[in-house]
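# Examination of the molecular architecture
Spelled out from the first residue to the last, the chains are:
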Amino acid sequence: MAPAQMALPVERRNGASPRRPVPVVEAPPVEAPPVDVEVDGQAVGVAAVPVWVQRVTTAAVLAVALVAAIASYEHMRALAELAGEGWRSWLLPVSVDGLAVAASMTMFVRRRAGLPAGALTWMALLLGLGASLAANVAAAEPTVQGRLVAAWPPLGLLLSYELLMQQIKARGGPGVQPSAPVLSNPSNER
């Protein structure tokens, strides 16, 4: 029977000396420079855009998203049921619209970090919206007017979301820009 081994911290095993504290790198907060927004052909500072305009835009995007989700969900569910999916027909709309929402949120996070959206994110967004558009059109009345009306929810959602993203970008820019790091050692502070 082997003797019981005493549990030591990882840095003390095999005679290793304890780790030294790692200096913390802190960047001082940097304000994003004000961005000019064009309103009626004139440059207006971001501070001039009232908060209520931002709130109305956000509410409009949420309203469009709700309408698009309800209409799109029912169209895709009916199409999946027609294809013989049975009880699973309620899952298809969640996966299609969920992909579009996940891609949109990824774009939002990346834009706030000052990064480009990326090819995978764009592909996911376009596939999700394309599948939603195709399902909506396929489930519509077989008339030009019926197909145009059915195509509107995913297109309206995409356009309103992009308008919101432009407003967010103009409001605060891509986020905090890095500056020269400041090294501080917590053990030297008094």
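Rules of the game
Residues numbered from 1 in each chain as written. Predicted model: local features only at pLDDT ≥ 70, side-chain atom pairs only at ≥ 80, totals over all residues. Heavy atoms only, no water. Helix = DSSP H or I, 4+ residues; strand = E, 2+ residues; numbered from the N terminus. Contact = heavy atoms within 4.5 Å. Areas by Shrake-Rupley, 256 points an atom, 1.4 Å probe, with all protein chains shown as cover. Salt bridge = Lys/Arg side-chain N within 4 Å of Asp/Glu carboxyl O. Buried < 20%, exposed > 50% of the residue type's maximum accessible area, 1.4 Å probe, protein only. 1 Å grid on protein atoms, 1.4 Å probe; cavity = no way out; pocket = protein on both sides within 12 Å on 5 of 7 lines; lining within 4 Å. Points joined across faces, edges and corners; volume = space filled by probe spheres on them. Nonpolar A, V, L, I, M, F, W, Y, C, P; charged D, E, K, R; others polar. Expected span 1.5 Å × (residues − 1). Axes fitted to C-alpha atoms, helices over the stretch in contact; angles between N-to-C directions. Left-handed = near helix turned anticlockwise from the far one by under 90°. pLDDT = per-residue confidence, 0-100. Core = buried A, V, L, I, M, F, W, Y, C linked by side-chain atoms within 4.5 Å.

Tallying secondary structure elements over the protein chain gives four helices and four strands in all. Here the analysis covers contacts within the protein chain between residues at least 6 apart in sequence; of these, 60% occur between residues at least 24 apart. When the accessible surface of the protein chain is summed, it comes to about 13,700 Å², and 67% of that surface belongs to carbon and sulfur atoms.

On to the pattern of salt bridges. According to the stated counting rule, one finds three salt bridges in the structure shown. Note that Glu74 and Arg77 form a salt bridge whose closest N and O atoms lie 2.6 Å from each other. Of this pair, Glu74 and Arg77 both sit in helix α1 (residues 51-82), three residues apart, roughly one helical turn. Salt-bridge contacts for Glu85 lead to Arg88; the nearest nitrogen and oxygen are separated by 3.3 Å. Owing to a relative accessible area of 33%, Glu85 belongs among the partly exposed residues under this scheme. A relative accessible area of 37% places Arg88 in the partly exposed class. Beyond isolated ion pairs, a larger network of salt bridges with shared partners links Glu74, Arg77 and Glu81.

For the rest of this paragraph, the subject is empty space enclosed by the protein. Inspection of the entire model under this criterion finds one cavity of 30 Å³ or more. Counted as a void, the largest cavity has a volume near 30 Å³. Contributions of two or more residues to the lining of the largest cavity are made by α3 (119-139) and α4 (144-172). The element best represented in the lining of the largest cavity is α4, accounting for three residues. Looking at the lining of the largest cavity residue by residue, the class counts come to five nonpolar, no polar and one charged.

This part covers helix α2 (residues 91-112). Here α2 is 22 residues long and its end C-alpha atoms lie 31 Å apart, about the 32 Å a rise of 1.5 Å per residue gives. Residues of α2 that are buried include every one of Pro93, Val96, Ala100, Ala103, Ser104 and Met107, and no others. Immediately downstream of α2, the backbone of Gly114 shows phi near 80°, a positive value.

In this section: the packing of α2 against α3. Taken N-terminus to C-terminus, the directions of α2 and α3 make an angle of 150°; their axes are 8 Å apart at the nearest point. Relative to α3, the crossing made by α2 is left-handed. Between α2, through Val96, Asp97, Leu99, Ala100, Ala103, Ser104, Thr106, Met107, Arg110 and Arg111, and α3, the contact on the second element is made entirely by Thr121, Trp122, Ala124, Leu125, Leu127, Gly128, Leu129, Ala131 and Ser132. Split by residue class, the contact of α2 with α3 holds 11 nonpolar, five polar and three charged.

What follows is about the confidence of the model for the protein chain. Close inspection of predicted coordinates is inappropriate for parts of the model with low pLDDT. Predicted confidence across the protein chain gives a mean pLDDT of 75, with 63% of residues reaching 70 or more. For the protein chain, per-element mean pLDDT is lowest for strand β4 (residues 182-184), which scores 49, and highest for α3, which scores 91. In the predicted structure, residues 173-182 sits below a pLDDT of 50 and forms 20 contacts with residues beyond four places in sequence or in another chain.

It is worth spelling out the nonpolar core at this point. Core analysis: the biggest nonpolar cluster contains seven residues, these being Ala100, Ala103, Met107, Ala117, Ala124, Leu125 and Leu129. Mapped onto this core, the elements with two or more residues apiece are α2 and α3. Within the second largest apolar cluster, five residues are counted, among which are Val61, Tyr161, Leu164 and Ile168.

Its location among the elements puts Val61 in helix α1. On the basis of relative accessibility, which here comes to 7%, the residue Val61 falls in the buried class. Those residues within four positions of Val61 in sequence are excluded, and the remaining contacts are Ser160, Tyr161 and Leu164.

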